[in-house]
Amino acid sequence: MVASFAVSWSRPGLEETISIELSPRLVRAIGRAMPRSRRIRLATAVAEAPEATIAEVLCHEVAHIVAWDLFGPSARPHGREWAALMRAAGFEPRIRLDPATRGLRMPDPRTSAATRPRPWLYEHRCPVCQASRTSGRVVRRWRCARCVRAGLDGELVVSRRPKGVAASLRDRARTALRDALSSRG
Ligand SMILES: [Zn+2]
Ligand SMILES: [Zn+2]
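Remember, predicted model here, so these are calculated numbers, not experimental data.

Trainee: Can you lay out the pairing of strand β2 (residues 31-34) for me, pointing to particular residues and giving the numbers?
Mentor: Across the two faces of β2 the burial differs, with Gly31 and Ala33 buried and Arg32 and Met34 not buried at all. Two strands pair when backbone bridges link them, and β2 and strand β3 (residues 39-43) are joined in this way by 4 bridges, in the antiparallel orientation. What sits directly across from arginine 32, in β3, is arginine 41. A loop of 4 residues connects β2 with β3, the two strands running antiparallel in sequence, and arginine 38 in this loop sits at a positive phi of about 55°.

Trainee: Quick one: what's the story with the sheet that holds strand β5 (residues 132-135), residue by residue and with numbers?
Mentor: Through backbone hydrogen bonds, the strands of a sheet pair up, either in parallel or in antiparallel fashion. Spatial ordering of the open sheet is given by β5-β4-β6, a layout of 3 strands whose pairing is antiparallel. Every interior strand has two partners, whereas the edge strands, β5 and β6 (157-162), have only one. Neighbour to neighbour, the strand axes of the sheet diverge by 25° on average, direction disregarded.

Trainee: Which residues make up the nonpolar core, and what values do they have?
Mentor: Grouped together as the largest cluster of nonpolar side chains are 25 residues, with contacts concentrated most on Ala43, Val46, Cys59, Val62, Ala63 and Leu85. Of all the elements, helix α3 (residues 51-71) adds the most residues to this core, at 9 residues. With near-sequence residues (within four places) excluded, leucine 85 lies in contact with Trp9, Ala63, Val66 and Ala67.

Trainee: Give me the lowdown on helix α4 (residues 80-88), citing residues and values where you can.
Mentor: Listed in full, the buried residues belonging to α4 are Trp82, Leu85 and Met86. In a view along the axis of α4, the buried residues occupy a sector of 100°, so they form one face of it. Pointing more than 90 degrees away from the buried face of α4 are the exposed residues Arg80 and Arg87. Positive phi shows up at glycine 90, right after α4, with a value of about 95°.

Trainee: Got a sec to walk through α3? Specific residues and values, please.
Mentor: Compared with the 30 Å implied by 1.5 Å per residue over 21 residues, the 29 Å span of α3 between its first and last C-alpha is a close match. Of the residues one or two after α3, glycine 72 is the one with positive phi, at around 65°.

Trainee: Can you lay out the sheet that holds β2 for me, pointing to particular residues and giving the numbers?
Mentor: As summarised here, the arrangement of the 3 strands in space is β1-β3-β2, forming an open sheet in which the pairing is mixed. Looking at which strands have only one partner, the edges of the open sheet turn out to be β1 (19-23) and β2. Direction aside, neighbouring strands of the sheet carry axes that sit 20° apart on average. Where α3 meets the sheet, its contacts fall on β2 and β3, and the angle it forms with β2 comes to roughly 20°.

Trainee: How would you explain the packing of α3 against α4 if you had to name every residue and give the values?
Mentor: Contact geometry of α3 with α4 gives a least axis separation of 9 Å together with a crossing angle of 125°. Compared by their axis directions, α3 and α4 come out oblique. As α3 runs across α4, the sense of the crossing is right-handed. Across the interface between the two elements, Cys59, His60, Ala63, His64, Val66, Ala67, Leu70 and Phe71 of α3 pack against Glu81, Trp82, Leu85 and Met86 of α4. The class makeup of the residues in the contact of α3 with α4 is 9 nonpolar, 2 polar and 1 charged.

Trainee: Kindly report on the pairing of β6, identifying the contributing residues and their values.
Mentor: Within β6, only 0 of the 6 residues are buried, which leaves the element largely exposed. Relative to β6, strand β4 (residues 120-125) runs antiparallel, the two being bridged by 6 bridges. From the neighbouring strand, histidine 124 faces β6, where its bridge partner is valine 158.

Trainee: With reference to specific residues and values, describe the environment of tyrosine 122.
Mentor: Here tyrosine 122 shows up in strand β4. In this structure tyrosine 122 comes out as partly exposed when scored by C-beta crowding, with 19 C-beta atoms within 10 Å. Distance in space between the C-alpha atoms of tyrosine 122 and valine 157 is 9.8 Å, their sequence separation being 35 residues. Not counting residues up to four positions away in its chain, the partners in contact with tyrosine 122 are Thr134, Ser135, Arg137, Val138, Val158 and Arg160.

Reading the values: rules and limits
- Throughout, a residue's number is its position along its own chain's written sequence, starting from 1.
- As a convention, the first chain written is A and the first ligand written is 1, with the rest following in written order.
- Local features in a predicted model are, by the rule used here, given only for residues with pLDDT of at least 70; side-chain atom pairs are given and counted only at 80 or more, and totals for whole chains, interfaces and linings are based on all residues.
- Exposure is read from a count of other C-beta atoms within 10 Å of each residue's own; the residue is exposed at 12 or fewer, buried at 20 or more and partly exposed in between. C-beta atoms are placed from the backbone.
- Secondary structure follows DSSP: runs of H or I at least 4 residues long count as helices, runs of E at least 2 residues long count as strands, and numbering of each begins at the N terminus.
- Strand pairing is assigned whenever DSSP detects at least two bridges linking the two strands.
- To get an axis, a line is fitted to the C-alpha atoms, and for a helix only the part in contact is used. The angle between two axes follows their N-to-C directions and goes from 0 to 180 degrees.
- Think of a nonpolar core as buried Ala, Val, Leu, Ile, Met, Phe, Trp, Tyr and Cys residues, each tied to the set through C-beta atoms within 7 Å.
- Residues are scored as being in contact if the C-beta atoms we place from backbone atoms lie within 7 Å.
- This arc describes the spread of directions from the helix axis toward the C-beta atoms.
- Take the number of residues in a helix, subtract one, and multiply by 1.5 Å to get its expected span.
- Angular relationships are summarised with four words: roughly parallel below 35 degrees, roughly antiparallel beyond 145, roughly perpendicular across 65 to 115, and oblique for the angles in between.
- Left-handed describes a crossing whose near helix is turned anticlockwise from the far helix by less than a right angle; the clockwise case is right-handed.
- When residue character is reported, Ala, Val, Leu, Ile, Met, Phe, Trp, Tyr, Cys and Pro are called nonpolar, Asp, Glu, Lys and Arg charged, and the others, Gly included, polar.

Written as structure tokens, this is what we have:
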């Protein structure tokens, strides 16, 4: 396919200079071109798509590299140079494709491994009053507000545990119980 685009752009041998890889980590974008390293990364779903979709996605990305070859960084990513290359290869210069109508079964970014949140929870516990807060990362600036008000430094001790539904429910229950107890004074 790349060789046929190369013919319409009078760039024989272009296909030998570009490497193309499928990436399961690409879930929000269908494809990505890296002109400096002459690499194209396509979402795994592209391989399963109808041939017309594969051709357009591939042409879109290869045209980014050729626009870079011809005009360097002065050519805007989807500027008129890129659009002219798309037309010369027989495509409408569409910036975005609708995966649903083009037979592209993109993974759901909310459940994809590539975008799944880090599987750890960091508990920040006050060693004085045992109050705790959790976060998906370590928050160094957090202090125990109650202890700070009482004139202490309020420093928290951080411990890590695997994130899981059970753990977060247990945590929520514990917080609710503590709130209920402390509101009773
Ligand atoms: Zn693009
Ligand atoms: Zn405290």
